[in-house]
Amino acid sequence: MQSQLLPLSDMPEKLPLLPHSGRSSRSTHAAKALLVMASALILAGIVMVLCQCWSDLDHFDEPEKQQFDALSLFLGIPSAERLRDNLWYYTSGTHVAGINRTQAVYTRDYFRNQGISADIVEYYPWLNYPVDQRVALFNATTSEVLFEAGLKEDVIPGDPASSDPNNLPAFHGYSADGNVTGQLVYANYGSVDDFKALKAAGISVKDKIVLVRYGNLFRGLKVHGAELEGARGVLIYSDPAEDGYVQGSVYPEGPWRPESSFQRGSVQRMTVYPGDPLTPGYAATEDAPRLDPSKATNINHIPSLPLSHRDAEPLLRALKGQGKQASEVGDNWVGGLTSKGVEYWTGPSELNVNLLNKVEYKTMPIQNVIAKIPGQKHSEEAVIIGNHRDAWCAGASDPASGSAAMLEVARSFGELLKQGWQPRRTIILASWDAEEYFAVGSTEWGEDKSDWIRENVVAYLNLDGGVRGHNIQFKATPNLRPLIYDVTKRVKHPHSNKSVYDMWYERENSVQKTHRKSHKPHVGPLGSGSDYTVFLNHLGVSSVDFKFDGGSGVYHSNYDSFKWMTDFVDPDFSYHCAITQIWGALTITLADAPVLPFDVHEYAKDLHKYIDELKTRITSSSRINHTVAKRALRQLYKAADKLGTSARHIEAERRHLQKKYGERCSMIGHHRLTVCSDIRSSINSRLYKLERDFIDPMGLPGRKWYRHVLVSPGKWLGYGSQTLPALTEAVEEGDWKRFKALAKRTSEIINRAAWSLREA
Ligand SMILES: *[C@@H]1O[C@H](CO)[C@@H](O)[C@H](O)[C@H]1NC(C)=O
Ligand SMILES: *[C@@H]1O[C@H](CO)[C@@H](O)[C@H](O)[C@H]1NC(C)=O
Ligand SMILES: *[C@@H]1O[C@H](CO)[C@@H](O)[C@H](O)[C@H]1NC(C)=O
Ligand SMILES: *[C@@H]1O[C@H](CO)[C@@H](O)[C@H](O)[C@H]1NC(C)=O
Ligand SMILES: *[C@@H]1O[C@H](CO)[C@@H](O)[C@H](O)[C@H]1NC(C)=O
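Treat the numbers as computed from the prediction; the structure is a model and nothing was measured. (Residues numbered from 1 in each chain as written. Chains lettered and ligands numbered in written order. Predicted model: local features only at pLDDT ≥ 70, side-chain atom pairs only at ≥ 80, totals over all residues. Heavy atoms only, no water.)

What is the right way to read the sheet that holds strand 16 (residues 523-524) from this model?
Backbone-to-backbone hydrogen bonds join strands into a sheet, with any given pair of strands oriented parallel or antiparallel. What the 8 strands build is an open sheet, ordered 1-11-13-12-14-17-15-16; its pairing is mixed. Two strands in the sheet have a free side with no partner beyond their single neighbour: strand 1 (117-123) and strand 16. Relative to strand 13 (residues 425-432), strand 11 (residues 366-373) runs antiparallel, the two being bridged by 5 bridges. Residue Ala 371 lies in a different strand from strand 13, and its bridge partner there is Leu 429. Here helix 17 (residues 574-592) sits on the sheet in contact with strand 12 (378-388), strand 13, strand 14 (457-462), strand 15 (471-476) and strand 17 (543-549), set at roughly 165° to strand 17. (Pairing = 2+ DSSP bridges. Helix = DSSP H or I, 4+ residues; strand = E, 2+ residues; numbered from the N terminus. Contact = heavy atoms within 4.5 Å. Axes fitted to C-alpha atoms, helices over the stretch in contact; angles between N-to-C directions.)

Help me understand the packing of helix 3 (residues 80-91) against helix 16 (residues 562-569), please; the structure alone is not making it clear to me.
Two quantities define a packed helix pair, namely the angle between the helix axes and the distance between the axes. Here helix 3 crosses helix 16 at 140°, and the two axes come no closer than 9 Å. Across the interface between the two elements, Arg 84, Leu 87, Trp 88 and Thr 91 from helix 3 touch Phe 562, Met 565 and Thr 566 from helix 16. Taken together, the residues that form the contact of helix 3 with helix 16 break down as 4 nonpolar, 2 polar and 1 charged. (Nonpolar A, V, L, I, M, F, W, Y, C, P; charged D, E, K, R; others polar.)

For this particular structure, what's the right way to read the sheet that holds strand 7 (residues 233-237)?
Taking strand neighbours across the sheet as the criterion, the 7 strands line up as 3-2-10-5-6-7-9 in an open arrangement whose pairing is mixed. Edge positions in the open sheet fall to strand 3 (145-148) and strand 9 (304-307), since each of these has one partner strand only. Averaged over all pairs of adjacent strands, the angle between their axes in this sheet comes to 35°, without regard to strand direction.

Can you help me understand the pattern of salt bridges in this one?
Any two side chains of opposite charge can pair, given that their charged atoms come close. The final tally for this structure, using the stated rule, is 40 salt bridges. Arg 317 is paired through a salt bridge with Glu 313; the nearest N and O atoms lie 2.7 Å apart. Here the residue Arg 317 and the residue Glu 313 both occupy positions in helix 8 (residues 309-317), the gap between them amounting to 4 residues, near one helical turn. The exposure class assigned to Glu 313 is buried, which follows from its relative accessible area of 14%. Salt-bridge contacts for Lys 320 lead to Glu 343; the nearest nitrogen and oxygen are separated by 3.7 Å. Residue Lys 320 is found in the loop between helix 8 and helix 9 (326-329), and its partner Glu 343 is found in the loop between helix 9 and strand 10 (352-363); the two are separated by 23 residues along the sequence. Bridged by salt links that share partners, the residues Asp 154, Glu 259, Arg 310, Glu 313, Arg 317 and Lys 340 form one connected network. (Salt bridge = Lys/Arg side-chain N within 4 Å of Asp/Glu carboxyl O. Buried < 20%, exposed > 50% of the residue type's maximum accessible area, 1.4 Å probe, protein only.)

Even after reading the chapter, I still don't get the side chain of Gln 722, so can you show me in this structure?
Structurally, Gln 722 can be placed in strand 19 (residues 721-723). Its relative accessible area of 13% is what places Gln 722 among the buried residues. Of note is the side chain of Gln 722, whose polar atom sits 3.4 Å from the side chain of Thr 728. For Gln 722, the residues in contact, after removing those within four places along its chain, are Arg 617, Leu 710, Val 711, Ser 712, Pro 713, Gly 714 and Thr 728. (Polar contact = N/O pair within 3.5 Å; in protein donor to acceptor, adjacent residues only side chain to side chain.)

Before we go on, may I ask you to explain the site of ligand 5 in this structure?
Taken together, Asn 625, Val 628 and Lys 740 make up all the residues around ligand 5. One of the side-chain N or O atoms of Asn 625 is found 2.3 Å from an oxygen atom in ligand 5. For ligand 5, whose unbound accessible area comes to 360 Å², protein coverage reaches 31%. (Near = heavy atom within 4 Å. Areas by Shrake-Rupley, 256 points an atom, 1.4 Å probe, with all protein chains shown as cover.)

Help me understand a nonpolar patch on the surface in this model?
The grouping of Val 192, Leu 228 and Trp 716 at the surface amounts to a nonpolar patch, some 260 Å² of accessible area in total. For Trp 716, the location among the structural elements is in the loop between strand 18 (711-713) and strand 19. For Trp 716, a relative accessible area of 32% puts it in the partly exposed group. (Patch = residues over 30% accessible without salt bridge, like charges linked within 9 Å, V, L, I, M, F, W, Y side chains within 5 Å.)

Quick look at the structure:
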């Protein structure tokens, strides 16, 4: 009964075939004739122009009548008042994955009330919930308990979210059940390098309870690193240097993390695979076969808990004088509690620590809400926008600011539809569940619909916590960068008379004063940490993730509340408005553009940079095989050049189309119309399927769920992106045999991608 979803049956299985007929090849000849001129234009630095609505060309029988400027109309619709109401709704009750069906029903009905069809699509992943937890410091000889950690966040008078009886205690999603005891060792951030440095200093974490601080790498990888070193359990605390009083006043006086606050979160080994641990690579439908939990490789086996710095302080004090002084082990090993007289020592402690993490694992129904606005012209092509709905607590910034925006995008689209808007492509709005456990709802849906997604999805636009601060930040596949710039130029930045783009540009160019020449704002590659993962890394869909960012002191705590948001971040909801406008504008542009505004040239340019970075890494490697390295780099650069050449070709085809027919194919005569539509379909299909071509069906070594050869979450970073991941890892491991094979394979994949871009 579940996983019945989108009536996908009414969508054609396949895109139109690429034109191979005589008339198409005639137009191909024409395209080639124009190529030189067009290439020259591109070389002259003319970048892609965003398609605006052409209102004067639409008199003919093809239903190409976007009579009004949907984008301009849309920008006028979002309302701060509505966004405020939406945020209030989502933050007024807890909604940890699987436990608040009411919010799913509300979201579905909200979509439906805008005239948009919507359904709840359920999956049944394996999730854990906290039952009992304890962290205590005791004398093993006398059993005398010297300290019991509180493991609860203080109630803040005036903030109802902080006293919700359903709030979770200290807890890590996908943490191992366990009750372990041992001496304590401090391991800084718990990175691979930190564990190495400890070892070099003669300190072992074997059979110890490891205390690490948040920051630097994804928490699940800290636990995994400790597990590999033989530790019994891990405590991860929020050091005030990271997001507490060292940064500024703490909540409720300021936005930073107060002393009792801790950061919940998933400790999944997400770099192996995200989503449900028991159904890797396929959907967790109700009757799907499941792995035995002992066979699930994306979860850790030692228990862990998050701690506040108030609870961590006595533990750190117990290390004083034991082992080595942390500052001797490495730079940057000392946190911010020194102002309270804490010295940072490695231990092991003389006292023992008991860590109890009793959790219950069960198969739970989760609810994605999937809404659909059918496209009128190219209904088989779809743009998906997604945001997760579940939160660890009230989740005002993460994710309710994004969920509020999603409802407002839906309402605005509903308005446009009433006014006669007919989006060219299908738009899907996805409200994901269980993202916090690590992209579970989106991953299961993506695995469920993989064939359809591969064939039809043009792009995925993710908004997680949309408003956490005031600085716009984008990560995306390079081909979407010009679109991002164009859209942010059209949206006004709150409390200024400038566009979001201008403020972004000015901030980055004033921060980076050292650079001689001003440059366009940074749009970096996607790592992981939100719902785009299955789309980009598993299925090869071009993706964007963005937010208004700022230091967030209440991340994954009870204080990420409506009060916190309205006191410190967005009292008038103008940032919510701007993020809604950006999201909707990106969507409308992608859904309506006759020719997709994808810039392959940007991809080729970035690929060159990725190879440059690989080269730097090779150069600094101690075990370099020069022969292999030289040849591999030559192959890779050559492939990247080929992609650049193909980028110029497809740009030329596009210009030819525009010149000869107009991108809307609005001309007299059925024959010309068919020719134009065929050429246009072919260009579009090649543009958006380029990303698919970077998927290696074999997957990355040791983690075959991740299949994009150009980008993945860093094996030991998690959130952070690693470009050319398999090659980089081979260099790091000094495995030149593997490197050689991978370089050949990667070059072939890029060559093939460049080739299929030109196939016409
Ligand atoms: C679910 O969310 C709604 C709306 O935010 C809230 O009223 C309700 O109390 C929540 N349910 C639970 C079990 O927390
Ligand atoms: C956890 O282990 C400690 C020490 O072995 C023991 O005293 C305590 O009873 C255990 N707690 C639970 C809930 O099993
Ligand atoms: C544990 O208790 C014993 C007995 O009182 C005492 O000798 C010892 O110093 C204590 N250990 C620590 C680390 O405090
Ligand atoms: C924006 O422009 C208006 C009219 O020129 C002016 O009154 C206002 O102060 C400006 N706002 C900002 C933030 O610069
Ligand atoms: C470098 O790799 C090549 C090809 O695998 C191999 O023949 C050669 O012995 C290697 N050279 C060194 C110095 O390891």
